[in-house]
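Architecture and fold: a report
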Amino acid sequence: MKVEDVASTEVVHVSVPGNREKALQLMKKEDVSVVPVVKNDTQKLVGILTRSDMITNPDEEQIAMLMTKDLIVCKMDDDISSVAEKMVTHNIRRVPVVNDDEELIGIVTSFDLVAQAISEMDIKDPVEDYMIKTIPATWDETPLNVAFEVMKFFGLKSVIGLNSNNKMTGILTETDFITESEIISERTEHSSSVGTEGDKWSWDSTSVLYIEKNRLKFTDKVVKDVASSKIVTANTKTKVSTCAEKMKALNVEQLPVLGIEGELVGLVRASDLIKALI
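Description of the structure in this document. (Residues numbered from 1 in each chain as written. Predicted model: local features only at pLDDT ≥ 70, side-chain atom pairs only at ≥ 80, totals over all residues. Heavy atoms only, no water.)

**What to know about the sheet that holds strand β13 (residues 264-269)**
Read from one edge to the other, the open sheet built from three strands follows the order β11-β12-β13, with strand pairing classed as mixed. Every other strand in the sheet has two partners, leaving β11 (234-235) and β13 as the edge strands with one partner each. Examined bridge by bridge, β11 and strand β12 (residues 254-258) share two bridges and lie parallel to one another. Looking at β12, one finds that A234 is bridged to V257. Packed on one face of the sheet, helix α9 (residues 240-250) meets β11, β12 and β13 and runs near 135° to β12. (Pairing = 2+ DSSP bridges. Helix = DSSP H or I, 4+ residues; strand = E, 2+ residues; numbered from the N terminus. Contact = heavy atoms within 4.5 Å. Axes fitted to C-alpha atoms, helices over the stretch in contact; angles between N-to-C directions.)

**Here we look at the packing of aromatic side chains**
Enumeration according to the criterion identifies four aromatic pairs in this entry. The interplanar angle of 50° and the centroid separation of 5.2 Å between the aromatic rings of F148 and F218 together place this pair among those described as tilted. With a gap of 70 residues between them, F148 in helix α6 (residues 144-154) and F218 in strand β10 (residues 205-218) connect regions that are remote in the sequence. As far as burial versus exposure is concerned, F148 and F218 are alike and both buried. Ring centres 5.7 Å apart and planes at 90° place the aromatic pair F153 and F154 in the edge-to-face group. Given a relative accessible area of 28%, F154 falls into the partly exposed group. Members of the aromatic cluster, joined through ring pairs, are F148, F177 and F218. (Phe/Tyr/Trp six-rings, centres within 6.5 Å; stacked < 30°, edge-to-face > 60°. Buried < 20%, exposed > 50% of the residue type's maximum accessible area, 1.4 Å probe, protein only.)

**Observations regarding the nonpolar core**
Counting 34 residues, the largest nonpolar core has V108, L113, I118, M247, V268 and L273 as its most contacted members. For this core, the secondary-structure elements that each account for two or more residues are α4 (80-90), β4 (94-98), α5 (110-116), α9, β12 and α10 (270-273). Apart from the residues within four sequence positions on either side, M247 is in contact with F111, V114, V252, E253, Q254, L255, V268, R269, A270 and L273. V159, L172, I178 and F218 belong to the second largest nonpolar core, which has 14 residues in total. (Core = buried A, V, L, I, M, F, W, Y, C linked by side-chain atoms within 4.5 Å.)

This is the structure in structure tokens:
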């Protein structure tokens, strides 16, 4: 199967020069978390911008400074196994598709590979061979700002809510955090006094430095207020293709994995399942 069989050709993208606000508005409108970046008035691919880039760099406004310039790309006639290998090797979930002139003509995601390829195959390997066992979980009464830090600590795009009985109550994604937050600007004042050395009659002078920084501010909600409580799970013995079918049907990129007694033992993501193609 080739990239052209799974790639999207109607690609939501931004151009440079451009700013954060424009990119974020487009992402929200089109419900996407990544946009390729092209040079103004052309289709020449020059970068790729993610919501994570904007979250981790709240002080930067220009797309050119936020975007990733070291691009991993593919061609329409590439085999999907080679694209899956690129995603796994570079720990990315989306690869722009370019033509021979390096112009943007499409994009392929790990979810595309799962929904349009793996779900149609008969891969019988159990999910436990691919799931991650380091589970990003937190108490469902945790404030969103703390839960966000938990997710960042694990380096993942979601966090699972647990109640006081250690039972799973919901799952919260990076998209949910974005929806419940805003970037605000804060100004701090720093002053220092400088006098003339050895002159007791001299006047001290005071220099004042004002520093303005942006930060992400969350609503006062807790995890259970925002997390999706309609959770579909897999178990450790669920076949890879069956898991892919569930993801496709629900349009989700991750499923919690339960053990024999129904306990939470792992998380499987689209980016994990594509390893079955390599």
